[in-house]
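The lines below spell out each chain.
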Amino acid sequence: MVPRHAGGAARTALTVLGALALTGLPAAAAAEPPAPAPSSAQTLGADRPSVVVLRAMQRDLRLTGAQAKARLVNEAEAGTRAGRLQNVLGKHFAGAWVHGTTSAGLTVATTDAAGVAAIKADGAQAKVVKNALKDLDTAKSKLDAAAMGKALDTPVRYVDVRTNLVTLQATSRAAADKLIAAAGIDRRLVDVKVSADRPRALYDVRGGDAYYIDDQARCSVGFSVTKGEQQGFASAGHCGKAGAKTTGFNKVAQGTFEASVFPGKDMSWVSVNSEWTATPAVKGEGDTNVQVAGSVQALVGAAICRSGSTTGWHCGTIEQHDTTVSYAEGDIDGVTRTTVCAEPGDSGGSYVSGTQAQGVTSGGTGDCKSGGITFHQPINPLLTMYGLTLKTATAQSGTPAPEDGRTVGWTTGRVYEVGIRVTYDGVSYQCLQTHQAQGAWQPRLTPALWQRL
């Protein structure tokens, strides 16, 4: 038996369809649902991974092909969910990370138990912690300041969102205690890890290809970039100083270092001459190309692969963002710590998560025979620092941003961080994942990156 109100609704629908047909509009058109918004994986290209990326993930992360594919999709979707929850939790947000063989699990930490319901409602696991992220960031900054220029015995410092502590790697506990005392911070905020490892910049010197500096050193290309009409590539700052000349992997004259910072940061960019063309490719395993689609920053725990001219193509996972590491030449702040191996000559080379550029190789410990830890300079701060645009496979697609004054704060080529708000075509949006805006990534078209308010 059909309820009375249901029958009424059916009659109303028939009446409306009949009126539409009389005006010449096909009746079927009224019943068509709106086109579904693209998923995060579709927006970021995670559902269309390169065979090269999948093969390396299977080898280095010990995954099956199906697991590698599922992991990339899950990590793309988790990034959007984490950004949405960060905006909801505000000052109580204490970090997010993926976990599990296929990154099917997402944990979001908060200092306020009242936020647990919102976290669970978005399908994530909630973890209530003591320390606010801002307090841990402040403690790390104080450690960095106290260690400035004299930190070879306490070379690595980072906020570990999974432990809700600041991790301090030191050659001895005494060295760690001395730095903590000098920084004047609460000892309970710090987890000390004693290790004899001292990271070093990998000096011995498409992304991943070799290039030579003043015919004396070798490094690896990071990512192709443009600045206006000028083409070039991003790399590590310690590879060369401004004005240094480069030749390519084939020893043909290539370009000039336009700017370079090291220490402090480890970033540079090289302008190339007319004999060279910037492409969105990174050299993968077997000399095949991996196409870069953007620069969306991946979460802690996500898979990441690196290309370099010494050791080639290797994968691992992201351990921590915003790490400070001390080399013999000085401190480097804001790098990302990974489990990917590297060796001298890999410096400056590309780090990619799925199709998204992550950063350029800075330094590390160990090697690719016994394993190691590496640090990369994130690409988005580098792009912002030098006003560069990442060369991507999709950069020229999509509709240009309107020029009628209705867009406030959104423009292609700008790097946006989580929480930033813009107005696009009269509608307000809030950023969900840190990225450089591409032409096809307008806020109204990319719910993976922007949340409509």
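Rules of the game
Residues numbered from 1 in each chain as written. Predicted model: local features only at pLDDT ≥ 70, side-chain atom pairs only at ≥ 80, totals over all residues. Heavy atoms only, no water. Disulfide = S-S within 2.5 Å. Helix = DSSP H or I, 4+ residues; strand = E, 2+ residues; numbered from the N terminus. Buried < 20%, exposed > 50% of the residue type's maximum accessible area, 1.4 Å probe, protein only. Arc of directions from axis to C-beta. Contact = heavy atoms within 4.5 Å. pLDDT = per-residue confidence, 0-100. Pairing = 2+ DSSP bridges. Right-handed = clockwise from strand over helix to strand, strands pointing away. Core = buried A, V, L, I, M, F, W, Y, C linked by side-chain atoms within 4.5 Å. Phe/Tyr/Trp six-rings, centres within 6.5 Å; stacked < 30°, edge-to-face > 60°. Lys NZ or Arg CZ within 6 Å of the ring centre and 35° of its normal. Salt bridge = Lys/Arg side-chain N within 4 Å of Asp/Glu carboxyl O.

A. Representation of the state of the cysteines in the model. Under the defined criterion, the tally for this structure stands at three disulfides. Disulfide pairing is shown between Cys-305 and Cys-315; the S-S distance is 2.0 Å. Given an S-S torsion of about 95°, the disulfide between Cys-305 and Cys-315 has right-handed geometry. Of this pair, Cys-305 sits in strand S17 (residues 303-308) while Cys-315 sits in strand S18 (residues 312-327), placing them 10 residues apart in sequence. Covalent S-S linkage joins Cys-341 and Cys-368, the inter-sulfur distance amounting to 2.1 Å. Sign of the S-S torsion, about 100° for the bond between Cys-341 and Cys-368, identifies this disulfide as right-handed. Highlighted residues: Cys-341 in the loop between strand S19 (330-338) and strand S20 (350-353) and Cys-368 in the loop between strand S21 (356-367) and strand S22 (371-378), separated in sequence by 27 residues. Since its relative accessible area comes to 9%, Cys-341 is described here as buried. According to the relative accessible area criterion, Cys-368 is partly exposed, its value standing at 21%. In the protein, the bonded cysteines, numbered by position in the sequence, are linked as 1-2, 3-4, 5-6.

B. Quick peek at helix H8 (residues 173-183). Within the sequence span of H8, burial applies to Ala-175, Ala-176, Leu-179, Ile-180 and Ala-183. Projected down its long axis, H8 carries its buried residues within an arc of 130°, all on one side. Projecting away from the buried face of H8 at angles above 90 degrees are the exposed residues Ala-174, Lys-178, Ala-181 and Ala-182. Here the buried face of H8 lies against helix H7 (133-147), strand S4 (156-160), strand S5 (165-170) and strand S6 (190-194).

C. Focus on the confidence of the model for the protein. Looking at the protein as a whole, the pLDDT averages 88, with 88% of positions reaching at least 70. The model gives residues 1-30 a pLDDT under 50, and that stretch makes five contacts with residues more than four places away or in other chains. Considering only residues more than four positions removed or in separate chains, one finds that residues 396-406, a stretch of pLDDT under 50, has 17 contacts.

D. Region of interest: the pairing of strand S2 (residues 105-110). Burial within S2 is extensive, with six of its six residues counted as buried. Going residue by residue along S2, you find Gly-105, Thr-107 and Ala-109 tucked away on one face and Leu-106, Val-108 and Thr-110 tucked away on the opposite face as well. Sheet topology note: the strand S1 (residues 93-99)/S2 ladder contains five bridges and is antiparallel. Along S2, the bridge assignment pairs Trp-97 with Thr-107. Following S1, the chain reverses through five residues before pairing antiparallel with S2; Gly-100 in that reversal takes a positive phi of roughly 100°. By the bridge criterion, four bridges tie S2 to strand S3 (residues 125-128) in an arrangement that is parallel. Residue pairing in the sheet places Val-108 in a bridge with Ala-126 of S3. Crossover connection from S2 via helix H6 (residues 116-121) to parallel S3: handedness right-handed.

E. Spatial organisation of the nonpolar core. In this structure, Met-57, Phe-223, Trp-313, Leu-382 and Trp-450 are the most contacted members of the largest nonpolar core, which totals 49 residues. Top contributing element to this core by residue count: helix H4 (residues 51-61), with six residues. Beyond its immediate sequence surroundings of up to four residues, Leu-382 is in contact with Ala-234, Ser-235, Met-267, Ser-268, Val-360, Gln-377 and Leu-388. Judged by nonpolar contacts, the second largest core, of 43 residues, contains Ala-94, Ile-119, Ala-151 and Ile-180.

F. Region of interest: the packing of aromatic side chains. Scanning the entire structure with this criterion turns up six aromatic pairs. For the pair Phe-262 and Tyr-327, a centre-to-centre distance of 6.2 Å together with 35° between the ring planes defines the contact as tilted. Pair noted here: Phe-262 is in the loop between strand S13 (253-261) and strand S14 (267-272) and Tyr-327 is in strand S18, with a separation of 65 residues, a long-range link. Given the relative accessible area of 2%, Tyr-327 is considered buried. Judged by centre distance (5.5 Å) and plane angle (85°), the ring pair of Trp-410 and Tyr-424 falls under edge-to-face. In this pair, Trp-410 is assigned in the loop between strand S23 (389-390) and strand S24 (415-416) and Tyr-424 in strand S25 (residues 421-424), connecting sequence segments 14 residues apart. A residue is classified by how much of its surface remains accessible, and Trp-410, at 4% relative accessible area, is buried. Among the aromatic residues, those joined into a cluster by ring pairs are Tyr-211, Phe-233 and Phe-257. The ring of Tyr-212 carries Lys-251 above its face, with NZ or CZ at 4.4 Å from the centroid.

G. Representation of the pattern of salt bridges within the structure. Taken as a whole and assessed by the stated rule, the structure comprises 21 salt bridges. A salt bridge links Asp-144 to Lys-140, with the shortest nitrogen-to-oxygen separation between them at 2.9 Å. Taken together, the positions of Asp-144 and Lys-140, both in helix H7 and four residues apart, correspond to about one turn of that helix. A single burial state applies to Asp-144 and to Lys-140, both of which are buried. One salt bridge connects Arg-157 with Asp-144, and the closest N-O pair in it is separated by 2.8 Å. Linking Arg-157 in strand S4 with Asp-144 in helix H7, this pair joins segments that are 13 residues apart in sequence. Residue classification places Asp-144 among the buried residues on the basis of a relative accessible area of 9%. Several salt bridges share partner residues, and in doing so they unite Lys-140, Asp-144, Arg-157, Asp-331 and Asp-333 into one network.

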